Amino acid sequence: MTIKVGDKMPSATVKAISAGDAEDVNTDDLFKGKKVALFAVPGAYTPTCSAKHMPNYLENAGALKAKGVGSVVCLTVNDPAVTKAWAEDQSALGKITMIADGSGIYAAMLGLTFDGSAAGLGTRAKRFSMLIDDGIVKSINVEDAPSKFEVSGADKILAQL
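Note that the structure is predicted; figures quoted are calculated from it, not measured.

1. Quick notes on the overall build of the protein
The number of helices and strands found in the protein is five helices and nine strands. Reading the helices (α) and strands (β) of the protein from amino to carboxyl end gives β-β-α-β-α-β-α-β-α-β-β-β-β-α. Taking the principal axes of its C-alpha atoms as reference, the protein extends roughly 40 × 35 × 30 Å. The buried share of the protein, reckoned over its 161 residues, is 47%. The contacts of the protein with a sequence gap of at least 6 include a subset with a gap of at least 24, amounting to 65%. Surface exposure of the protein reaches about 7,200 Å², of which carbon and sulfur atoms provide 51%. Positive and negative side-chain charges of the protein, numbering 17 and 18 respectively, have mean locations separated by a distance of 5 Å.

2. Points about the nonpolar core
Counting 24 residues, the largest nonpolar core has M9, L38, L75 and M130 as its most contacted members. Every element with two or more residues in this core is listed here: β1 (13–17), α1 (27–31), β3 (35–41), β4 (69–76), α4 (105–110) and β8 (128–133). Setting aside residues no more than four positions away along its own chain, L38 makes contact with M9, F31, V73, L75, F128, S129, M130 and I132. Grouped together as the second largest cluster of nonpolar side chains are 22 residues, C49, Y57, C74 and A154 included.

3. Side note on the packing of aromatic side chains
If you walk through the whole model with that rule in mind, you get one aromatic pair. Judged by centre distance (4.0 Å) and plane angle (5°), the ring pair of F39 and Y57 falls under stacked. Taken together, the residues span a long stretch of sequence, with F39 in strand β3 and Y57 in helix α2 (residues 47–66) at a distance of 18 residues. Residue class for Y57 comes out buried when judged on its relative accessible area of 0%.

4. Describing the environment of T48
Residue placement: T48 occurs in helix α2. Since its relative accessible area comes to 13%, T48 is described here as buried. Expressed as a C-alpha distance, the spacing of T48 and P146, which sit 98 residues apart in the sequence, is 8.5 Å. If we ignore the near neighbours within four places in the chain, the residues touching T48 are H53, R127, S147, K148 and F149. In this structure the side chain of T48 is engaged in a polar contact, spanning 3.2 Å, whose partner is the backbone oxygen of S147.

5. Examining the state of the cysteines
Under the definition given, this model contains zero disulfides. The structure places no disulfide on C49, whose sulfur is separated from the nearest cysteine sulfur, that of C74, by 7.9 Å. Accessibility expressed as a relative area gives 0% for C49, which makes it buried. A relative accessible area of 0% means that C74 is categorised as buried.

Rules used throughout
Residues numbered from 1 in each chain as written. Predicted model: local features only at pLDDT ≥ 70, side-chain atom pairs only at ≥ 80, totals over all residues. Heavy atoms only, no water. Helix = DSSP H or I, 4+ residues; strand = E, 2+ residues; numbered from the N terminus. Buried < 20%, exposed > 50% of the residue type's maximum accessible area, 1.4 Å probe, protein only. Contact = heavy atoms within 4.5 Å. Areas by Shrake-Rupley, 256 points an atom, 1.4 Å probe, with all protein chains shown as cover. Lys, Arg positive; Asp, Glu negative; His and termini not counted. Charge placed at Lys NZ, Arg CZ, Asp CG, Glu CD. Core = buried A, V, L, I, M, F, W, Y, C linked by side-chain atoms within 4.5 Å. Phe/Tyr/Trp six-rings, centres within 6.5 Å; stacked < 30°, edge-to-face > 60°. Polar contact = N/O pair within 3.5 Å; in protein donor to acceptor, adjacent residues only side chain to side chain. Disulfide = S-S within 2.5 Å.

Following this line, the structure appears as structure tokens:
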């Protein structure tokens, strides 16, 4: 079942990436008591993710925070080492909370995965964004194809605030 507006975000332990090593973080703590702009990408270093999606959130992180967003979170279906390297490459560390969902378990809990095996990717997160307030989904924007970047950008979240 796919998560929808009004649902509580599922509880799980995920790997958050910081300047140091990956650390276990409970999603309840990640989303509790604040507004969160969450966006998911099918994979680090992929063309749309690197050229459009991540840069869009980096450019708009200040505007999101000015409108009351407590944190911007990026979920990627990659292992912690790849997620960290990509965050460093994109200059995202310290600006965006990076979540490494290496096996796609959290994306599957949200019901937002696709089979990218034909492209050598395996199961991946769909490209999407969500506005979450105190753990409750307030809006969700899902692209209809992994390579598209039309509805999941920071501008859409800004308009929904």
